[in-house]
Amino acid sequence: PRVLVVLVAALLVVAAAACGGGEGSGASTATSAPAGLGKVAFVREGDIWVVDLDSGHERRLTTDGKNQRPRWSSDGRWLAVTKCETADPTSTCGSLWVMRADGSEAHRVDEGVFSYEWSPTEGRLAYAEEGGLWVADAEGSHREQIVPGDYGVLRAAWAPDGRQIGRAAGRERG
């Protein structure tokens, strides 16, 4: 068997650092809205909150206590989060949800999501799910698998112009 060589390892490190880093519980995760919007999304006791940096006003967007890893779309109109939709503490907490910046129109994009990244140019997400790579729009009307599940995709990173996606994989392919 040959080992699937992964593209853009350095880009993935830069993208992960720019987007707030690792895949933790989200308990202390905070992410700033794109430049000029003056908002930060963060997790408090499993719920997503947004604070306006000018006024200091905080607004709670979710109330189910199951949310983590908030990330803004490039235009600041959408916020993506992962949810733990089970009480099982060994669960991977991989339901990917998207909502408007004000918390409205929340909808599930997919389940079993390992990692995700917003396009730097439009309201589209690339995400790793069950070893494959998928792309979905923020509205939820279009979802497409672009790399089959047998490739072991763990992470994706968009090119700065949003036209290409690099991927990191973690297993051999025969």
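Everything numeric in this text was worked out from a predicted model, so none of it was measured.

A.B. asks: Quick rundown of the overall build of the chain? Include the residues and the values.
C.D. replies: Assigned secondary structure in the chain consists of 1 helix and 16 strands. For the chain, buried positions account for 46% of its 174 residues. Put simply, of all contacts in the chain between residues at least 6 apart along the chain, 38% involve residues at least 24 apart. In the structure as shown, the chain presents an accessible area of about 9000 Å², 51% of it carried by carbon and sulfur atoms.

A.B. asks: Go over the sheet that holds strand 6 (residues 67-72) with me, naming the residues and quoting the values.
C.D. replies: Strands sit in the order 6-7-8-9 across an open sheet of 4 strands; the sheet is antiparallel. Of all the strands in the sheet, just strand 6 and strand 9 (107-110) have a single pairing partner and so form its edges. The mean inter-strand angle of the sheet, taken between neighbouring strand axes irrespective of direction, is 30°. Looking at chain direction, strand 8 (residues 95-100) and strand 9 are connected through 3 bridges and run antiparallel. Bridge pairing links Val98 to His107 in strand 9.

A.B. asks: Hey, could you go over the sheet that holds strand 10 (residues 113-118) for me, with residue numbers and the actual values?
C.D. replies: Strand order in the open sheet made by the 4 strands is 10-11-12-13, with antiparallel pairing throughout. Edge strands, defined here as strands with exactly one partner in the open sheet, are strand 10 and strand 13 (143-147). For this sheet, the mean angle separating the axes of adjacent strands, direction not counted, is 25°.

A.B. asks: Mind laying out the nonpolar core, listing which residues take part and the relevant values?
C.D. replies: Within the largest apolar cluster, 13 residues are counted, with the highest numbers of intra-cluster contacts made by Ala80, Leu96, Val98, Tyr116, Trp118, Leu125 and Tyr127. Going through the elements one at a time, strand 7 (78-83), strand 8, strand 10, strand 11 (124-129) and strand 12 (132-137) are the ones with two or more residues in this core. Per element, the largest residue contribution to this core is 3 residues, and it comes from strand 10. Membership of the second largest hydrophobic core comes to 11 residues, among which are Ala41, Val43, Trp72 and Ala101.

A.B. asks: Outline the packing of aromatic side chains, supporting the account with residue identities and numerical values.
C.D. replies: In this description, a pair of aromatic rings is defined by centroid distance and the angle of the planes. Tallied over the entire structure, the rule returns 0 aromatic pairs. The ring of Tyr116 carries Arg71 above its face, with NZ or CZ at 4.8 Å from the centroid.

A.B. asks: So, the confidence of the model for the chain: which residues are in play, and what are the values?
C.D. replies: Model confidence for the chain is summarised by a mean pLDDT of 77, while 74% of its residues fall at 70 or above. Low pLDDT, under 50, characterises residues 1-28; the stretch is placed with 43 contacts to residues that sit more than four places away or in other chains.

A.B. asks: Can you lay out the side chain of Asp110 for me, pointing to particular residues and giving the numbers?
C.D. replies: Relative to the assigned elements, Asp110 resides in strand 9. A polar atom in the side chain of Asp110 sits 2.3 Å from the side chain of Arg143.

A.B. asks: An account of the pairing of strand 3 (residues 39-44) is requested, with residue identities and associated values reported.
C.D. replies: As judged from the 6 bridges shared by strand 3 and strand 4 (residues 47-52), these two strands associate in the antiparallel manner. Bridge pairing in strand 4 links Arg44 to Asp47.

A.B. asks: Run through the pairing of strand 6, naming residues and quoting values.
C.D. replies: Within strand 6, 6 of the 6 residues are buried, which leaves the element mostly enclosed by the surrounding structure. Of the pairings in the sheet, the one linking strand 6 to strand 7 comprises 4 bridges and is antiparallel in character. Following the sheet pairing, Arg71 is matched in strand 7 by Ala80. Hairpin connection of strand 6 to strand 7: 5 residues between the antiparallel strands, including Gly76 at a positive phi of 75°.

The rules behind the values
Residues numbered from 1 in each chain as written. Predicted model: local features only at pLDDT ≥ 70, side-chain atom pairs only at ≥ 80, totals over all residues. Heavy atoms only, no water. Helix = DSSP H or I, 4+ residues; strand = E, 2+ residues; numbered from the N terminus. Buried < 20%, exposed > 50% of the residue type's maximum accessible area, 1.4 Å probe, protein only. Contact = heavy atoms within 4.5 Å. Areas by Shrake-Rupley, 256 points an atom, 1.4 Å probe, with all protein chains shown as cover. Pairing = 2+ DSSP bridges. Axes fitted to C-alpha atoms, helices over the stretch in contact; angles between N-to-C directions. Core = buried A, V, L, I, M, F, W, Y, C linked by side-chain atoms within 4.5 Å. Phe/Tyr/Trp six-rings, centres within 6.5 Å; stacked < 30°, edge-to-face > 60°. Lys NZ or Arg CZ within 6 Å of the ring centre and 35° of its normal. pLDDT = per-residue confidence, 0-100. Polar contact = N/O pair within 3.5 Å; in protein donor to acceptor, adjacent residues only side chain to side chain.

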